[in-house]
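# A look at the structure
Here is how the chains run, residue by residue.
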Amino acid sequence: MAKPSLYSVLETQSRDPRFAPFVHQDAYGVWGLKPQPLPEIILKLVLGILVAPLKATLTVLGLALACNTCRVEKYLMPVLSISKEYRAAWTLYWGKIWIRLALFGLGFLSVSWIKLDHLDVRKQAETETEAPVIVSNHMGWSDILVHMSRSWPAFVAKEGIDKVPIVGYISQHIGCIYAMRAIKETSKSAAVQLKDRIAAKAIDPTSSVRPMLVFPEGTTTNGRYLCKFKTGAFLAGAPVRPVVMHFLNQDYVSPSWESINIKRHIFIMMATLFHKVICYELPIYYPSYAEKQDPVLFAENVRQNMLSYCGNQGVPNLIPCDSTLENKLEYHKLSKATIAEHSGKFRKSIKKE
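Scoring rules and cut-offs
- Residues numbered from 1 in each chain as written.
- Predicted model: local features only at pLDDT ≥ 70, side-chain atom pairs only at ≥ 80, totals over all residues.
- Heavy atoms only, no water.
- Helix = DSSP H or I, 4+ residues; strand = E, 2+ residues; numbered from the N terminus.
- Contact = heavy atoms within 4.5 Å.
- Buried < 20%, exposed > 50% of the residue type's maximum accessible area, 1.4 Å probe, protein only.
- Polar contact = N/O pair within 3.5 Å; in protein donor to acceptor, adjacent residues only side chain to side chain.
- Pairing = 2+ DSSP bridges.
- Right-handed = clockwise from strand over helix to strand, strands pointing away.
- Axes fitted to C-alpha atoms, helices over the stretch in contact; angles between N-to-C directions.
- Parallel < 35°, antiparallel > 145°, perpendicular 65-115°, else oblique.
- Nonpolar A, V, L, I, M, F, W, Y, C, P; charged D, E, K, R; others polar.
- Expected span 1.5 Å × (residues − 1).
- Patch = residues over 30% accessible without salt bridge, like charges linked within 9 Å, V, L, I, M, F, W, Y side chains within 5 Å.
- Areas by Shrake-Rupley, 256 points an atom, 1.4 Å probe, with all protein chains shown as cover.
- Salt bridge = Lys/Arg side-chain N within 4 Å of Asp/Glu carboxyl O.
- Phe/Tyr/Trp six-rings, centres within 6.5 Å; stacked < 30°, edge-to-face > 60°.
- Lys NZ or Arg CZ within 6 Å of the ring centre and 35° of its normal.

### Here we look at the environment of Leu10
For Leu10, the position within the fold is in helix α1 (residues 6–13). Placed 68 residues apart in sequence, Leu10 and Pro78 show a C-alpha to C-alpha distance of 57 Å. Beyond its immediate stretch of four places on either side in the chain, Leu10 contacts Val30, Trp31, Leu33, Ser335, Thr338 and Ile339.

See below:
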């Protein structure tokens, strides 16, 4: 009896309901390792050789121009005695344009933003204002660029990002907060900084300080689920702007970087001609007194509010789930052990031959 293939074993492991939000779901299957027909392999090789370098060049160009825009604001404009308000507005305007160019390079030919009305028609339409914090579902490394092309927010980044060329300077300029999740001390410090930053922005919404972008699930998913929220974005008790992101062509090649090797995912993304994303901006959520006193209640009510919009006003359905980062790490550990075991068997069979 023939032994099951690596992919069939990985597919079986992925059926555990706890792992459902973290399973890579597109034509390339679990971990992006599903065997592909010959025409698809040839197509990806051709696009990878002819198109991917052009897309990569555009992406780097967009990021470099955004970085230089930040440098001009910091170093040149003060010398020219340009007001702080104008400098901030100038960077906001051009920064968003250059990030959109970077997204175009990645293949995002369509990035749509739809502002939704209150489900309760009795509520008055909100005045145009900027919430101190934006909360969004999280699917991968392109999410931050999509949000930056809209609102140029600061965000909590992994420690060390500030040292990455181009990207690091942009993150410093917009005021990102750095933390290492595995080190509790830095995580606690980041939570305090996040609370203080949001509170300060809530007190003075017109300040040049950028709003904070937070992904309250605390990890990425495959874009079909909405996990429980962590409380970091809600500790300050400030109004939040919920956003639901949705990739339109994710059944073929999903921009969701979920349980797939980063190099493999980038190659498949760059060797795909285009991607589309729609972002649904929900009305600003103003917490009640009880929610301000209880971040856990606030977080869950915002999550339920986002879920209530799913299936309404064109927003796609997201499945609520209780899976956690720990479940994701367990799934990754199991899958990587399986991949390593099969790789070892493959090497042994070659040596025997």
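### A short note on the environment of Asn249
Examined against the element boundaries, Asn249 turns out to sit in the loop between β7 (240–247) and α8 (262–270). Residue class for Asn249 comes out buried when judged on its relative accessible area of 17%. When the C-alpha atoms of Asn249 and Tyr280 are compared, they prove to be 17 Å apart, with 31 residues separating the residues in sequence. The residues touching Asn249, leaving out its near neighbours within four places in the chain, are Phe274, His275 and Lys276. Only 3.4 Å separates the side chain of Asn249 from the backbone nitrogen of Lys276, close enough to count as a polar contact.

### Observations concerning the pairing of strand β3 (residues 154–158)
A regular strand places its side chains on the two faces of the sheet in alternate fashion. Inspection of the sheet shows β3 paired to strand β5 (residues 212–214) by two bridges, in the parallel sense. Its bridge partner being in β5, Ala154 is matched across the sheet by Met212. Sheet analysis places β3 next to strand β4 (residues 177–179), joined by three bridges and oriented parallel. In the strand pairing of β4, Lys158 is matched with Ala179. Chirality of the crossover, the property in question, places the unit of β3, helix α6 (residues 167–173) and β4 among those that are right-handed.

### Structural notes on the packing of helix α3 (residues 52–76) against helix α4 (residues 84–106)
Where α3 contacts α4, the axes come no closer than 7 Å and their chain directions differ by 170°. Viewed along their axes, α3 and α4 adopt a mutual orientation that is roughly antiparallel. Residues belonging to the contact of α3 with α4 are distributed by class as follows: 16 nonpolar, six polar and three charged.

### Remarks on α4
For α4, with 23 residues, the first-to-last C-alpha span of 33 Å sits near the 33 Å given by 1.5 Å per residue. Looking at α4, one finds that the buried residues are Arg87, Thr91, Gly95, Ile99, Ala102, Leu103, Gly105 and Leu106. In the core, the buried residues of α4 are packed alongside α3, β1 (108–115), α5 (143–151), α6, α8 and β8 (275–281). Downstream of α4 by one or two residues, Gly107 has phi in the positive range, about 110°.

### Some details on the sheet that holds β7
The strand order β1-β8-β7-β2-β5-β3-β4 describes an open sheet built from seven strands, whose pairing is mixed. Pairing within the sheet leaves two strands with one partner each, and these edge strands are β1 and β4. Put simply, the sheet's adjacent strands are angled 30° from each other on average, direction ignored. Here α5 sits on the sheet in contact with β1, β2 (133–136), β3, β5, β7 and β8, set at roughly 60° to β1.

### Description of a nonpolar patch on the surface
On the surface, a nonpolar cluster with roughly 780 Å² of combined accessible area is contributed by Leu38, Ile41, Ile42, Leu45, Val46, Ile49, Leu50 and Phe267. When residues in the nonpolar patch are grouped by element, the largest group, seven residues, is from helix α2 (residues 38–50). Looking at the element boundaries, Val46 is found in helix α2. For Val46, a relative accessible area of 40% corresponds to the partly exposed category.

### Concerning the packing of aromatic side chains
Between two aromatic rings, the relevant description is the distance of the centres plus the angle of the planes. This structure, assessed with the given rule, holds eight aromatic pairs. Between the aromatic rings of Tyr93 and Trp94, the centroid separation amounts to 5.2 Å while the plane-to-plane angle is 90°, which identifies the pairing as edge-to-face. Members of the aromatic cluster, each reached through a chain of ring pairs, are Phe229, Phe234, Tyr285 and Phe298. A cation over a ring is seen here: Arg71 above Tyr169, with NZ or CZ 4.1 Å from the ring centre.

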